[in-house]
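Next come the chains, spelled out residue by residue.
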Amino acid sequence: MILFLSTFSIGFVADLLWKLVEYPWQRIDENDAPIADAIIVLSSGGRPQAPGKSNIYEWGDPDRYFAGISLFEKGKAPKLFFTGGTTPHGRELKDEGTLYKEHAINLGIPSYVISTTSKVVNTAQEAIEIRRNLNQVNSSSKILLVTSAFHMKRAKKLFERQGFLVYPFPVDFKTSNISRWQSPYQWIPNSWSLHRSSSALRELIGRIIYRAW
């Protein structure tokens, strides 16, 4: 057990795992994205309320949100969807989709082009809810799917099973070029690298459960 924990606490090992879960995606410019019927921005697990402030929510990683906004502003689709991500045990007053919609409206995006789903707690529910919201579109409707690179392979499979033609738009990359000699700290076990390894392994397990390789 100690050897197992020590191995996955090494930065170089964590980077290799993240390279694996982010493969083969690369970040592309919004201008190069294809035209689709809708832009789908997946939630990232809910945004927590600020301590002591019931009406203030903290940002987690906003890459997905801002990529979706940018794609819409560049005319890549006439509809913009935010999924209503929330934590199953949380007590958030507003789901993530509602918060993103409000913020997008404040940025000048017309409210009538933005839709949100009901509350969802995982990617499978997101895909089902989007299909339910787009049931007036034919079964091969084209979507620009915006999510983190490590999450894209599983998300793409689940949305394809709902009949969508998926154009992946991965964001929120966790790794860049890896070098064994980039820093000596890469070889010193630490809790942050163990956390990163744990997150990557969790995604790999999720792919097995959802048969999404």
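Right above here is the structure, for reference.
Being a predicted model, the structure only gives us computed values, none of them experimental.

Q: Quick question: what am I supposed to make of the packing of aromatic side chains here?
A: Here the distance between the centres and the angle between the planes together describe a pair of aromatic rings. Tallied over the full model, the rule gives seven aromatic pairs. Look at Phe 159 and Phe 164: their rings are 6.0 Å apart centre to centre, the planes differ by 45°, and that puts the pair in the tilted class. We note that Phe 159, like Phe 164, is buried. Ring pairs connect the aromatic residues Tyr 65, Phe 66, Phe 82 and Tyr 100, which therefore count as one cluster. Directly above the aromatic system of Phe 164 lies the positively charged group of Arg 131, at a separation of 4.2 Å from the ring centroid.

Q: What is the right way to read the nonpolar core from this model?
A: As a rule of thumb, nonpolar side chains are buried together in soluble globular proteins. In this structure, Ile 39, Leu 80, Phe 82, Val 146 and Phe 169 are the most contacted members of the largest nonpolar core, which totals 21 residues. Only β1 (38-41), α3 (63-73), β2 (80-85), α4 (96-106), β4 (142-148) and β5 (165-171) provide two or more residues apiece to this core. Broken down by element, the residue count for this core peaks at five residues, all from α3. Dropping the residues within four chain positions of it, Leu 80 is found in contact with Ile 39, Val 41, Gly 68, Ile 69, Phe 72, Val 113, Ile 114 and Ser 115.

Q: What's the story with the pattern of salt bridges in this structure? I'm lost.
A: Side chains that differ in charge, positive against negative, can pair when their charged atoms come close. The full count for this structure, using the stated rule, is eight salt bridges. Here Arg 27 and Glu 30 are joined by a salt bridge, their closest N and O atoms 3.2 Å apart. We classify Arg 27 as partly exposed; its relative accessible area is 43%. Arg 207 serves as the salt-bridge partner of Glu 203, at 3.4 Å between the closest nitrogen and oxygen. With Glu 203 and Arg 207 both in helix α7 (residues 191-209) and four residues apart, the pair spans about one turn of that helix. Residue Glu 203 is classed as buried on the basis of its relative accessible area of 3%. A relative accessible area of 1% places Arg 207 in the buried class. Within this structure, Arg 154, Glu 203 and Arg 207 form a network of salt bridges that share partners.

Q: Would you mind showing me how to read helix α6 (residues 149-160) here?
A: Since the α-helix advances by 3.6 residues per turn, residues separated by three or four positions end up pointing in the same direction. In a regular helix each residue adds 1.5 Å, so 12 residues correspond to 16 Å; α6 covers 17 Å between its end C-alpha atoms and thus fits that length. Those residues of α6 that sit buried are Ala 149, Phe 150, His 151, Met 152, Arg 154, Ala 155, Leu 158 and Phe 159.

Q: Explain the sheet that holds β1 to me, please; I cannot follow it from the model alone.
A: The strands that make up a sheet are held in pairs by hydrogen bonds between backbone atoms, and each pair lies either parallel or antiparallel. Here five strands make up an open sheet; going across it, the order is β3-β2-β1-β4-β5 and the pairing parallel. Strand pairing shows two members of the sheet lacking a second neighbour, β3 (114-120) and β5, which therefore form its edges. The mean angle between the axes of side-by-side strands here comes to 25°, regardless of whether they run parallel or antiparallel. Here β4 runs beside β5; their pairing, made up of seven bridges, is parallel. Bridge pairing in β5 places Lys 142 opposite Leu 165. Across the face of the sheet, helix α5 (residues 123-133) comes into contact with β1, β2 and β3 while running at roughly 135° to β3. Most of the contacts of α6 go to β4, to which it runs at about 150°, and overall it touches β1, β4 and β5.

Conventions adopted
Residues numbered from 1 in each chain as written. Predicted model: local features only at pLDDT ≥ 70, side-chain atom pairs only at ≥ 80, totals over all residues. Heavy atoms only, no water. Phe/Tyr/Trp six-rings, centres within 6.5 Å; stacked < 30°, edge-to-face > 60°. Buried < 20%, exposed > 50% of the residue type's maximum accessible area, 1.4 Å probe, protein only. Lys NZ or Arg CZ within 6 Å of the ring centre and 35° of its normal. Core = buried A, V, L, I, M, F, W, Y, C linked by side-chain atoms within 4.5 Å. Helix = DSSP H or I, 4+ residues; strand = E, 2+ residues; numbered from the N terminus. Contact = heavy atoms within 4.5 Å. Salt bridge = Lys/Arg side-chain N within 4 Å of Asp/Glu carboxyl O. Expected span 1.5 Å × (residues − 1). Pairing = 2+ DSSP bridges. Axes fitted to C-alpha atoms, helices over the stretch in contact; angles between N-to-C directions.

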